[in-house]
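Chains, contacts and geometry: an overview
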Amino acid sequence: MSRNLVIALPKGRIQEESMKIFEKIGFGCEEMFSGSRKLIFHLPQQPVTFTIVRAQDVPTYVHHGAADIGICGKDTLEESTCELYEPLDLGFGGCDVVVAEPEGFSRQHPGYNGTTIGTKMVNVAERFFANKGVDVEIIKLYGSIELAPLVKLAHRVVDIVETGETLRQNGLVVKETIFHSTCRVIVNRNSMKNRHRQIESVLEQMHQQL
Ligand SMILES: Nc1ncnc2c1ncn2[C@@H]1O[C@H](COP(=O)(O)OP(=O)(O)OP(=O)(O)O)[C@@H](O)[C@H]1O
Ligand SMILES: O=P(O)(O)OC[C@H]1O[C@H](OP(=O)(O)OP(=O)(O)O)[C@H](O)[C@@H]1O
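The structure contained in this document is the topic of the report that follows. (Residues numbered from 1 in each chain as written. Chains lettered and ligands numbered in written order. Predicted model: local features only at pLDDT ≥ 70, side-chain atom pairs only at ≥ 80, totals over all residues. Heavy atoms only, no water.)

Regarding the sheet that holds strand β1 (residues 5-11)
Definition in use: DSSP-based pairing: two strands are paired if at least 2 bridges between them are found. Each helix corresponds to a stretch of at least 4 residues labelled H or I by DSSP, and each strand to a stretch of at least 2 residues labelled E; elements are numbered beginning at the N terminus. The angle between two axes is taken between their N-to-C directions and runs from 0 to 180 degrees, where each axis is a line fitted to C-alpha atoms and a helix contributes only its stretch in contact. Pairs of residues are marked as contacts when any of their non-hydrogen atoms sit within 4.5 Å.
Strand order in this open sheet of six strands is β2-β3-β1-β4-β11-β5, and the pairing throughout is mixed. Strands with a single pairing partner mark the edges of an open sheet, and in this sheet they are β2 (40-42) and β5 (85-89). Ignoring strand direction, the axes of neighbouring strands in this sheet form an average angle of 25°. As paired strands, β1 and strand β4 (residues 69-73) are joined by two bridges and run parallel to one another. Of the residues in β4, the one forming a bridge with A8 is G70. Packed on one face of the sheet, helix α1 (residues 15-24) meets β1, β3 (48-54) and β4 and runs near 150° to β1. Packing against the sheet, helix α10 (residues 196-208) makes contact with β1, β4, β5 and β11 (183-187), and its axis sits at approximately 25° to β5.

Written as structure tokens, this is what we have:
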């Protein structure tokens, strides 16, 4: 008998919605909803295993075949260098990836050339500015991105905006939107071939819930 279908669920703000969509297609797991600290859950009635993975690591687990299927934001996929299938847009987890700056900054410095950019999303930022043919210095950060321009670590940031509250409370404004992001289902390339019927059926059922 083949091994269980392994599904990588993202920890954090998109975890609950991700679990809910699987619950709706009959892959509910009470223990997983109960605040357990376990990172792996085998469904009792089905050949399905869930793993709990940091959102940014989901593409890596799926790319290497440690999971057959995963859920993560389009922003995470754009940042990742993994080769994956991305068959379904789930619609939730909506946010924009933007260039933001202190209010009024562009009146004095309208261009990007010679400026510094603070961001978690180094690959996205590099591609975006390279496509514009401008020369910027990118500074890799891991969080509190909006702080960077306030303390003169960087002129601007590339970051996620959902409600806009973090920008507002820190006196920043959007200069440009790079793209809109929503959560996607991703599938390992070999799994898509070797477990085609099973994965197609899961995708079809998920699609029906949207
Ligand atoms: N306000 C938001 N901030 C960050 N991500 C958001 C927001 N709203 C929706 N998202 C989506 O949720 C996904 C997961 O975000 P989450 O903060 O849980 O994980 P993460 O980006 O890996 O952060 P962390 O470094 O805290 O683990 C993002 O990749 C993005 O697609
Ligand atoms: O538009 P909003 O609704 O305010 O959401 C956007 C903020 O949320 C995220 O930060 P997060 O909470 O993940 O903090 P961190 O970057 O410090 O990890 C993101 O990096 C923005 O700072």
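On we go from here.
What to know about the nonpolar core
For the record, the criterion: Here, nonpolar core refers to any group of buried Ala, Val, Leu, Ile, Met, Phe, Trp, Tyr and Cys residues whose side-chain atoms link them within 4.5 Å. Buried means the residue's accessible area, taken with a 1.4 Å probe over protein chains only, is under 20% of the maximum for its type, while exposed means over 50%, and partly exposed covers the values in between.
Counting residues in each nonpolar core, the largest one holds 29 residues, and the members touching the most others are F22, F27, F50, L90, V185 and M206. Of all the secondary structure elements, the ones that give two or more residues to this core are β1, α1, β3, β4, β11 and α10. With four residues, the top contributor of residues to this core is α10. The contacts of V185, once residues within four sequence positions are left out, are I69, G70, I71, Y85, E86, P87, L88, L90, L203 and M206. Formed by 12 residues, the second largest nonpolar core is a distinct cluster that contains V99, F128, F129 and V158.

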